[in-house]
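Structural overview
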Amino acid sequence: MLSVRNRSITAVLVAAAAVVSGCAVAPGPVPAKPAPQLPADSISYDELPVITSRPPLFPNDCSQFEKDPQLLGQLSGSKPFFSPYTKTCEMKRADGATISVGAMVPNERVKEVWPGFWKVYSYSVYHFRRFLLMDRYYAISQLSQHGCEIAVNTGSEQVVTLTISTSGPNLSLPGDSVEQDRQMAAQFCPDAEKAMTAYLTTVDPGGGSLAAR
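To keep things clear, this report deals only with the structure shown in the data block. A quick note: this is a predicted structure, and the numbers were derived from the prediction, not measured. (Residues numbered from 1 in each chain as written. Predicted model: local features only at pLDDT ≥ 70, side-chain atom pairs only at ≥ 80, totals over all residues. Heavy atoms only, no water.)

Our next topic: the overall build of the protein chain. Looking only at helices and strands, the protein chain features five helices and seven strands. Ordered by position from N to C terminus, the α and β elements of the protein chain give α-α-α-β-β-β-α-β-β-β-β-α. Across the 213 residues that make up the protein chain, the buried fraction comes to 46%. Counting only contacts in the protein chain whose residues sit at least 6 apart along the sequence, the fraction spanning at least 24 positions is 61%. For the protein chain, the exposed surface amounts to about 10,700 Å²; the carbon and sulfur share of it is 54%. (Helix = DSSP H or I, 4+ residues; strand = E, 2+ residues; numbered from the N terminus. Buried < 20%, exposed > 50% of the residue type's maximum accessible area, 1.4 Å probe, protein only. Contact = heavy atoms within 4.5 Å. Areas by Shrake-Rupley, 256 points an atom, 1.4 Å probe, with all protein chains shown as cover.)

Right, let's talk about the state of the cysteines for a bit. All chains considered together, the criterion is met by two disulfides. At a sulfur-sulfur separation of 2.1 Å, the disulfide partner of Cys148 is Cys189. Between Cys148 and Cys189 the disulfide shows an S-S torsion of about 100°. By sign, it is right-handed. Here Cys148 is found in strand S6 (residues 147-153), whereas its partner Cys189 is found in helix H5 (residues 178-203), with 41 residues between them in sequence. For Cys148, a relative accessible area of 0% gives the class buried. By sequence order of its bonded cysteines, the protein chain has the disulfide arrangement 1-2, 3-4. (Disulfide = S-S within 2.5 Å.)

All told, the structure shown has six salt bridges when counted by the stated rule. Linking Arg130 and Asp46 is a salt bridge whose minimum nitrogen-to-oxygen distance equals 2.7 Å. Of the two residues, Arg130 sits in strand S4 (residues 129-133) while Asp46 sits in the loop between helix H1 (17-20) and helix H2 (63-67), which places them 84 residues apart along the sequence. There is no split in this pair, since Arg130 and Asp46 are both buried. Between Arg129 and Glu193 there is a salt bridge, with the nearest N and O atoms lying 3.0 Å from each other. Pair noted here: Arg129 is in strand S4 and Glu193 is in helix H5, with a separation of 64 residues, a long-range link. A relative accessible area of 25% means that Arg129 is categorised as partly exposed. (Salt bridge = Lys/Arg side-chain N within 4 Å of Asp/Glu carboxyl O.)

A separate point is the packing of aromatic side chains. For the coordinates displayed, the defined rule picks out four aromatic pairs. Relative to Phe117, the ring of Trp114 lies with its centre 6.4 Å away and its plane at 25°, an arrangement referred to as stacked. Note that Trp114 and Phe117 are positioned in helix H4 (residues 114-118) at a spacing of three residues, about one turn of the helix. Grouping residues by exposure puts Trp114 and Phe117 together as buried. By the ring-pair criterion, three or more aromatic residues cluster together here, those being Trp114, Phe117, Trp118 and Tyr138. (Phe/Tyr/Trp six-rings, centres within 6.5 Å; stacked < 30°, edge-to-face > 60°.)

Further remarks concern the nonpolar core. Within soluble globular proteins, side chains that are nonpolar tend to cluster in buried spots. Counting 34 residues, the largest nonpolar core has Phe65, Met196 and Tyr199 as the members making the most contacts within it. Mapped onto this core, the elements with two or more residues apiece are helix H3 (69-74), strand S2 (88-92), strand S3 (98-104), S4, strand S5 (137-144), S6, strand S7 (159-165) and H5. With ten residues, H5 is the single largest residue contributor to this core. In this structure, Ile43, Ile51, Ile140 and Ala151 belong to the second largest nonpolar core, which totals 19 residues. (Core = buried A, V, L, I, M, F, W, Y, C linked by side-chain atoms within 4.5 Å.)

Another aspect to go through is the sheet that holds S2. With respect to topology, seven strands assemble into an open sheet ordered S1-S2-S3-S7-S6-S5-S4, the strand pairing being antiparallel. Where the open sheet ends on each side, the last strands, each with one partner, are strand S1 (81-83) and S4. Taking each pair of neighbouring strands and ignoring which way they run, the sheet shows an average axis angle of 25°. With seven bridges connecting them, S6 and S7 associate as antiparallel partners. Residue Asn153 lies in a different strand from S7, and its bridge partner there is Val159. (Pairing = 2+ DSSP bridges. Axes fitted to C-alpha atoms, helices over the stretch in contact; angles between N-to-C directions.)

Once that is clear, we can look at H5. Given 3.6 residues to a turn, an α-helix orients residues that are three or four positions apart in the same direction. The terminal C-alpha atoms of H5, which comprises 26 residues, lie 35 Å apart, in line with the 38 Å expected from a rise of 1.5 Å per residue. Of all the bends in H5, the greatest reaches close to 35° and is centred on Phe188; the proline Pro190 follows between one and four positions later. Listed as buried for H5 are Asp181, Met184, Ala185, Phe188, Cys189, Ala192, Ala195, Met196, Ala198, Tyr199 and Leu200. (Expected span 1.5 Å × (residues − 1). Bend = angle between axes of the 7 residues up to and from the residue.)

Here it is in structure tokens:
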């Protein structure tokens, strides 16, 4: 099971799941197109019936937003800017927040990216939650430095991430207290989840974690 040291686990990991989590693969439908609905109890399992055969959704630049003003409008973002440091496409919003869309892909050091998100390999994760996005994507949410990040399994080797954060003096950082983390998650995570839903609806119609090519 997942360690709760220095983090708030809000996914519903019921006692019965302790018997299967980590030692069995979650039940899952056969990949299909459009993508099938995933079982609600998938979040209780550490092992998932994932696939990696789908093409990547994020092009590692800002071309998706530059070519589709409607997508930019759905995310309430301004002109996009690609950050070579974080390898994300960043957009400012009218409320002063920044929305960043990016992806993580396998490399020589990390052969499989998704398990690191789902199994919480990092010890600096706060207010972690597993959930099913749109009932078709395995997803997690966690606090970033000054906001909330959503990471989604898209059925490819690439894990798509979306973060909504803010900046300014005297901002609180996650990890100071459980209550403070809860307040930060309530402030940023619903908006980040909504933005990720809008992004996937536009760039991956009918898609999901178990979507056939």
